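# Fold and contact review
So the chains spell out like this:
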Amino acid sequence: MRARCVPAEGDDDRAWRWANGAAVSTETVWRGQSLTAGKPAVIGELKLDHRSGVYVGVWAGNIDLGPGTDTHVEFDYFAGWAKKTGKVYVNAGYLYRQRPSDTMDLDFEEVTVSASYDFGPVVVGASAAHAWDYFQGGSSLYTSANLRVPLGKPRGIPVSAILTVGEYDFSHRAIGDYRHADLRLTARHRNWYYSVGY
């Protein structure tokens, strides 16, 4: 379960705008894997958006990748471009994941692209992320598809169900390829997002 605070929406004529957020979670699950070994997480993000669609930012949160990794925090530095035109949304970006460790090199870089289309009753999306230096010089490719279904507005609170299926492929044979599925409910009340998933 996750609760996240986000900035209030509103009209803003400025070219640049901050879009910061913070979250408290019972666990951080990323691409089907727990990054906190089933433990709670505190996450923060600083993000600067330009009205052209360009954005830059940094994400930080506690992690636990298991014995021997000697890493307890992750910093993600990212930049990209995102735009919604009509019912189509696209996002392309670059991300550097820093996981400080004295025992092994866990940092890597990614390029990502995603797109979605709003059909009205449902929103369908797909994404891909490629890393060329994932774990000891290997590469990785993560692809996913998702389906978001609005479930109504009980007590005026928008609620949606989101199903995501993904596949992670690695060139390094020490890491096994895998597939996963994630089903969650999301809701927004004022400046807070709530998410419960499995």
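Summarised in this report is the structure supplied together with it. (Residues numbered from 1 in each chain as written. Predicted model: local features only at pLDDT ≥ 70, side-chain atom pairs only at ≥ 80, totals over all residues. Heavy atoms only, no water.)

### Considerations on the overall build of the protein
Applied cut-off: To qualify as a helix, a DSSP run of H or I must reach at least 4 residues; to qualify as a strand, a run of E must reach at least 2; elements of each kind are numbered from the N terminus. As a reference, a globule follows 2.2 Å times the number of residues to the power 0.38, and the radius of gyration itself is taken over C-alpha atoms. Type-normalised accessible area, obtained with a 1.4 Å probe on protein chains alone, sets the label of each residue: buried when under 20%, exposed when over 50%, and partly exposed for intermediate values. Here, residues are in contact when the closest pair of their heavy atoms is within 4.5 Å. The Shrake-Rupley method, run with a 1.4 Å probe sphere, supplies the accessible areas, and residue values consider only the shown protein chains as cover. None of His or the chain ends enter the tally, which takes Lys and Arg as positive and Asp and Glu as negative. Taken as the charge centre is NZ of Lys, CZ of Arg, CG of Asp or CD of Glu, depending on the residue.
Helix and strand counts for the protein come out as 0 helices and 15 strands. A globule of 198 residues ought to have a C-alpha radius of gyration of about 16 Å, and the protein, at 17 Å, matches this closely. Each of the three principal axes of the protein carries a C-alpha extent, and together these read 50 × 35 × 30 Å. Counting only residues that meet the buried cut, the protein has 30% of its 198 residues in that class. Across the protein, the fraction of contacts at a sequence separation of at least 24, relative to all contacts at a separation of at least 6, is 40%. On the protein, roughly 11700 Å² of surface is accessible, and the fraction owed to carbon and sulfur atoms is 60%. Side chains of the protein give 21 positive and 22 negative charges; the mean places of these two sets differ by 11 Å.

### A few points about the environment of Y142
Examined against the element boundaries, Y142 turns out to sit in strand β12 (residues 138-152). The class for Y142 is buried, based on a relative accessible area of 7%. Expressed as a C-alpha distance, the spacing of Y142 and S127, which sit 15 residues apart in the sequence, is 8.1 Å. In contact with Y142, not counting residues within four places along its chain, are R31, S127, A128, A129, G166, E167, Y168 and H180.

### Digging into a nonpolar patch on the surface
Applied cut-off: Residues with no salt bridge and a relative accessible area higher than 30% make up the patches, which join like charges within 9 Å and nonpolar side chains (Val, Leu, Ile, Met, Phe, Trp, Tyr) within 5 Å. A carboxyl oxygen of Asp or Glu within 4 Å of a side-chain nitrogen of Lys or Arg is what we treat as a salt bridge.
A grouping of V88, Y117, F119, V124, L147, L163, V165 and L183 is seen on the molecular surface, where their side chains present a nonpolar patch of about 650 Å² in accessible area. Considering the arrangement of structural elements, one finds Y117 in strand β10 (residues 108-118). A relative accessible area of 35% means that Y117 is categorised as partly exposed.

### Observations regarding the pairing of strand β11 (residues 123-134)
Definition in use: Pairing between strands is defined by DSSP: at least two bridges between them are needed.
Pairing of β10 with β11 involves 8 bridges; the strand directions are antiparallel. The residue of β11 that forms the bridge with T112 is A129. What sits between β10 and β11 in their antiparallel hairpin is a turn of 4 residues, with G120 showing a positive phi close to 105°. Pairing of β11 with β12, which is carried by 10 bridges, proceeds in the antiparallel orientation. Along β12, the bridge assignment pairs S127 with S144.

### What about the side chain of T69?
The test is simple: Whenever a nitrogen or oxygen atom comes within 3.5 Å of another N or O atom, the pair is scored as a polar contact, on the condition that within protein one atom can donate a hydrogen and the other can accept it, and that pairs from neighbouring residues in sequence are kept only if both atoms are in side chains.
Following the sequence through the fold, T69 ends up in the loop between β7 (54-62) and β8 (73-85). Looking at T69, the relative accessible area reads 9%, which means it is buried. A distance of 2.7 Å separates a polar atom in the side chain of T69 from the backbone oxygen of G66. Beyond its immediate chain neighbours, meaning those up to four positions away, T69 contacts S101, T103, M104 and L106.

### Notes on unusual backbone geometry
Of note, the phi angle at D70 is positive, near 55°, even though the residue is not glycine. Among the residues examined, D70 registers a relative accessible area of 34% and is labelled partly exposed.

### A look at the pattern of salt bridges
For the structure shown, the criterion picks out 9 salt bridges. One salt bridge connects K39 with D64, and the closest N-O pair in it is separated by 2.9 Å. Note that K39 is positioned in the loop between β5 (33-34) and β6 (41-50) and D64 in the loop between β7 and β8, a separation of 25 residues in sequence. Look at K39 and you get partly exposed, because its relative accessible area is 45%. On the accessibility criterion, D64 (22% relative accessible area) is partly exposed. Salt-bridge contacts for D49 lead to K47; the nearest nitrogen and oxygen are separated by 2.6 Å. Look at the salt bridges and you will find they share partners, linking R31, E74, D76, R97, R99 and E110 into a network.

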